[in-house]
Structures are given as structure tokens and as C-alpha cells.
Amino acid sequence: MKSVLITGAAGKVGTRLRKLLKGVYAELRISDIDKPADLAPDEAFAAADLADYAQVEKIVAGVDGIVHLGGFSVEGPWPTILNANIVGCYNLFEAAYRAGVKRVVFASSNHAIGFYPRSQRIGVDVTVRPDSRYGVSKAFGEALGALYADKHGLRVTCIRIGHVLDKPVDKRRLSIWLSPDDLVQLVRIGLEHPDIHYEIFYGVSDNAASFWDNANATRFGYRPQSRAEHFRQEAMATEAELPADPIAERYHGGPFCSDEYDADHR
Ligand code: 15L
């Protein structure tokens, strides 16, 4: 793996990841729709709108691997999700395949399975239960990844990311927090492990209250070094300030589940 492209490199996750991956691969190409505000002089940046196939073709040319973080990263109106996450994700996989890219690591999300109740701990062998249009787009990305792996031999890893930040910020995040260093570990497994064909991992640190069984990632050597429990007191103090949201508290996806929720009123 010599040359790696990161899409969505200007976002919160992309900004952390590109700094931590600096020097790991001979070439790190970074892309986003707009130039990152903190772009360093030694960073190779190429702007692209993922909804435009011709622009995607240009940024993927000549790379061995792609970390696809690009797209719209929360719930949004359908036209936004459609362009950024459905069309954009299709363009990315199709252009990667046509260009002979070997591996794609796709930033999926916990919102692809957000409607599982917190009383249920799940592994990766479950039916998707998206909690939003955004979650549906992530399930779509996982399905696309499977198609390009099985039909065209691309090696694809989908990471169902919990919440990447320097520390967990509330009760739900004590379960789903992923430290930037642990994210790097998962991404590197996806880009480098010789036995990857198509895999789904949970993007979660070694959290005592995790909703997810991450045995599949462990099988590939993932050994998370961060633990949300170290931040419990601080996170629970913030939680105490939040308004009660019984629907959010029932499910893995939290507020993405309660947003627009009216299933009990039919
Ligand atoms: C996500 O998928 C989002 O990208 C992120 O901004 C957070 O909202 C996170 O999920 C979460 O569930 O906390």
C-alpha cells in the first residue's frame, strides 16, 4: 500500500485521520469538496464533488487504497443525502474499480443499525435497522461495498463508526466512543491486512458499556487502546444537563431515532 486517498479529509474525522496517517504511506492524497482550512504546505490536496463522476475519476487515479469518509455526515434532507451519500458513494466505488484501486475502507455508521434497542448487544451478522435517511445511505454504502468485493474483487472494509472525538461526551457516547488512535488501527487493518475480502467492523474503542460485539475486528488483530470509562464522570455530568428523550434513550442511534419519530401515534 503505497498511495492512499482520503475523501472527506476536511471533516472532523478526516482532519484527525489525515494527521495521524501522515508518514505511514508514501503518498497520502487528501480530498474534500472544499480545501481544509488547516491544509499544511506538504499535504497533497485535490478538490472534488463526489456527486460528479468525472471529478471522482480524477482523485482516485493512481491510488492503491481509499479511505472514504466523504459525504454528508448527519441526517439531512433527501436531496442532500441522495447526492452526497448515494450518488457520491456509487461514484466512489465505481471509479475506484475502474481505476484498479485495490482497497476501499468505507466509513459506515452506527446509524445503519441505530434502531436496535440498547438492551440488545449485536454483532455484525444482523439485519440493518437504519434510524434515518443518513443511516439508510450508510447501509447502501455497505451493500455497494459487498457488490464491488464479490463481483469485482475490490477488498472492502466497512467501519460502522460510533462517535470519533478526543473523548466521550455523554452517556450514549460512553458506549459508542471511538478514539482517533483506535480509528487509525481499524483503518490500517482495512488497508493492509492480507485476508480482507469484505468485512464489517464496529468503530468503537474498548468501552465497558459498548452496544456491540466487535469480535470480527478482534479476529483481524484489532486491539483498541482507549476506554471510555476513564471519562465516565465528566460524560455523566454533561448527560445530566441534557433534556430527557425516552425514544433516543431506548435505541443505539439515540437522537437520530427520536428525530421525526411518530411511530407511536399511528
Ligand atoms: C455519526 O454517524 C455522525 O457522523 C456523527 O457526527 C455523530 O452524530 C455520530 O454518528 C453519533 O452517533 O454520535
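Look a little higher up for the structure.
Right, let's walk through the structure included here. (Residues numbered from 1 in each chain as written. Predicted model: local features only at pLDDT ≥ 70, side-chain atom pairs only at ≥ 80, totals over all residues. Heavy atoms only, no water.)

## Comments concerning the overall build of the protein
Each helix and strand in the protein was counted, giving 10 helices and nine strands. Its C-alpha atoms give the protein a radius of gyration of 18 Å, near enough to 18 Å, the size a compact globule of 266 residues would have. Projecting the C-alpha coordinates of the protein onto the three principal axes gives extents of approximately 50 × 40 × 35 Å. As presented, the protein carries roughly 12100 Å² of accessible surface, and 53% of it is formed by carbon and sulfur atoms. Distance between charge centroids for the protein: 3 Å, based on 31 positive and 35 negative side chains. (Helix = DSSP H or I, 4+ residues; strand = E, 2+ residues; numbered from the N terminus. Rg over C-alpha atoms; globule rule 2.2 N^0.38 Å. Areas by Shrake-Rupley, 256 points an atom, 1.4 Å probe, with all protein chains shown as cover. Lys, Arg positive; Asp, Glu negative; His and termini not counted. Charge placed at Lys NZ, Arg CZ, Asp CG, Glu CD.)

## Re the site of the ligand
The environment of the ligand is formed by Ser73, Val74, Ser109, Asn110, His111, Tyr134, Gly162, His163, Arg172, Arg173, Ile176 and Phe256. A distance of 2.8 Å separates an oxygen atom of the ligand from a polar atom in the side chain of serine 109. Here arginine 173 contributes a side-chain N or O atom positioned 2.9 Å from an oxygen atom of the ligand. Computed on the free molecule, the ligand has an accessible area of 320 Å², of which 84% lies beneath the protein chains in the complex. No other element matches helix H5 (residues 171–176), which puts three residues into the shell around the ligand. Here the shell around the ligand is composed, by residue class, of four nonpolar, six polar and two charged. (Near = heavy atom within 4 Å. Polar contact = N/O pair within 3.5 Å; in protein donor to acceptor, adjacent residues only side chain to side chain. Nonpolar A, V, L, I, M, F, W, Y, C, P; charged D, E, K, R; others polar.)

## Digging into the sheet that holds strand S4 (residues 65–68)
In space, the seven strands of this open sheet follow the order S3-S2-S1-S4-S5-S6-S9, with parallel pairing throughout. Two strands lie at the open edges of the sheet, namely strand S3 (44–47) and strand S9 (198–203), each paired on one side alone. For this sheet, the mean angle separating the axes of adjacent strands, direction not counted, is 20°. Of the strand pairs in this sheet, S4 and strand S5 (residues 103–109) are connected by four bridges, and their pairing is parallel. Note that in S5 the partner of valine 67 across the bridge is valine 105. Those strands touched by helix H3 (residues 78–98) are strand S1 (3–7), S4, S5 and strand S6 (155–161), and its axis lies near 165° from that of S5. (Pairing = 2+ DSSP bridges. Axes fitted to C-alpha atoms, helices over the stretch in contact; angles between N-to-C directions. Contact = heavy atoms within 4.5 Å.)

## A closer look at unusual backbone geometry
Despite not being glycine, glutamate 260 shows a phi value in the positive range, around 65°. Tracing the backbone through its elements, the reader meets glutamate 260 in the segment after helix H10 (255–258).

## A few points about the pattern of salt bridges
Tallied over the full model, the rule gives 17 salt bridges. Put simply, aspartate 42 and lysine 22 hold a salt bridge, and the shortest N to O gap is 3.1 Å. Separated by 20 residues along the polypeptide, aspartate 42 in the loop between strand S2 (27–32) and S3 and lysine 22 in the loop between helix H1 (12–20) and S2 bring together distant segments of the chain. A salt bridge links arginine 232 to glutamate 229, with the shortest nitrogen-to-oxygen separation between them at 2.8 Å. Owing to a relative accessible area of 32%, arginine 232 belongs among the partly exposed residues under this scheme. Among the residues examined, glutamate 229 registers a relative accessible area of 25% and is labelled partly exposed. (Salt bridge = Lys/Arg side-chain N within 4 Å of Asp/Glu carboxyl O. Buried < 20%, exposed > 50% of the residue type's maximum accessible area, 1.4 Å probe, protein only.)

## Description of the packing of aromatic side chains
Taken as a whole and assessed by the stated rule, the structure comprises 10 aromatic pairs. An angle of 50° between the planes, with centres 5.6 Å apart, marks the rings of phenylalanine 201 and phenylalanine 220 as tilted. One end of the pair, phenylalanine 201, is in strand S9; the other, phenylalanine 220, is in the loop between helix H7 (215–219) and helix H8 (232–241), and 19 residues separate them in sequence. You'll find phenylalanine 201 and phenylalanine 220 in the same group, each marked buried. Members of the aromatic cluster, joined through ring pairs, are Phe93, Tyr97, Phe106 and Tyr148. The ring of tyrosine 116 carries the charged tip of arginine 129 above its face, separated from the ring centre by 5.5 Å. (Phe/Tyr/Trp six-rings, centres within 6.5 Å; stacked < 30°, edge-to-face > 60°. Lys NZ or Arg CZ within 6 Å of the ring centre and 35° of its normal.)

## Structural notes on the nonpolar core
In terms of nonpolar packing, the biggest core is built from 34 residues, with Val60, Ile66, Phe93 and Trp212 touching the most fellow members. Secondary structure elements with two or more residues in this core: helix H2 (53–60), H3, S5, helix H4 (133–152), S6 and S9. The element best represented in this core is H3, accounting for five residues. Ignoring sequence-local partners within four residues, the contact set of isoleucine 66 consists of Leu5, Thr7, Val60, Leu92, Ala96, Val101, Arg103, Val104, Val105 and Leu191. Core analysis: the next-biggest nonpolar cluster, separate from the first, contains 27 residues, Ala9, Val184, Leu191 and Phe220 among them. (Core = buried A, V, L, I, M, F, W, Y, C linked by side-chain atoms within 4.5 Å.)

## Some remarks on the packing of H1 against helix H6 (residues 180–192)
It is the contact of H1 with H6, at a shortest axis distance of 10 Å, that shows an interaxial angle of 70°. Classified by the angle between their axes, H1 and H6 sit roughly perpendicular to one another. Listed contacts from H6 to Val13, Arg16, Leu17 and Leu20 of H1 are Pro180, Asp181, Leu183, Val184 and Val187. (Parallel < 35°, antiparallel > 145°, perpendicular 65-115°, else oblique.)

Note that every value here comes from positions in space, so none of it alone points to a role or purpose.
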